[in-house]
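Coordinate analysis (summary)
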Amino acid sequence: MNDETWSHSEVMADLPLPQRWPAPVGGCADCAALADLRGGAWERGDLSALSDCDVLLRRHAEAHR
C-alpha cells in the first residue's frame, strides 16, 4: 500500500451520458407526467432527479410493449 493521495476525479469511471432521453408513449398520462417531471429537473439543473425520471420512464415504457 502506498501513501499517495487520490482525488475522486482520478479514480471515478468516465462513463458517457446516454445519447437520447427515453421517449414518452403518446396518449399515456403516466408517460407525460414523467416527461414533465424530467423537464422540470432539467430546467433546475437537477441531474439526479433527471436520471431518476429517465429510469422510471424507461421502466414504465416496457409495460407498453
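Right above here is the structure, for reference.
Source: prediction; values computed, not measured.

A closer look at the overall build of the chain
Within the chain, the secondary structure is distributed over 3 helices and 0 strands. When its helices and strands are written in sequence order, the chain yields α-α-α. Buried residues in the chain amount to 20% of all 65 residues. Here the chain displays about 5,600 Å² of accessible surface, and carbon together with sulfur accounts for 55% of that area.

Considerations on helix 2 (residues 29–44)
Taking 1.5 Å of rise per residue, the 16 residues of helix 2 would be expected to cover 22 Å, and the 23 Å separating its terminal C-alpha atoms lies within 8% of that figure. For helix 2, the set of buried residues is Cys31, Leu34, Ala35, Arg38 and Ala41. Along the axis of helix 2, the buried residues cluster in a sector spanning 120°; they form a single face. Pointing more than 90 degrees away from the buried face of helix 2 are the exposed residues Ala29, Asp36, Leu37, Glu43 and Arg44.

Observations concerning helix 3 (residues 47–62)
Here helix 3 contains 16 residues, and its C-alpha end-to-end distance of 23 Å stays within 8% of the 22 Å for a straight helix at 1.5 Å per residue. When we look at burial in helix 3, the residues that qualify are Ala49, Leu50, Cys53, Asp54, Leu57 and Ala61. The buried residues of helix 3 occupy an angular sector of 145° when projected down its axis, which confines them to one face. Set apart from the buried face of helix 3 by more than 90 degrees, the exposed residues are Ser48, Arg59 and Glu62. On its buried face, helix 3 sits against helix 2.

Reading guide: rules and limits
Residues numbered from 1 in each chain as written. Predicted model: local features only at pLDDT ≥ 70, side-chain atom pairs only at ≥ 80, totals over all residues. Heavy atoms only, no water. Helix = DSSP H or I, 4+ residues; strand = E, 2+ residues; numbered from the N terminus. Buried < 20%, exposed > 50% of the residue type's maximum accessible area, 1.4 Å probe, protein only. Areas by Shrake-Rupley, 256 points an atom, 1.4 Å probe, with all protein chains shown as cover. Expected span 1.5 Å × (residues − 1). Arc of directions from axis to C-beta. Contact = heavy atoms within 4.5 Å.

That's the geometry; what it means functionally is another story.
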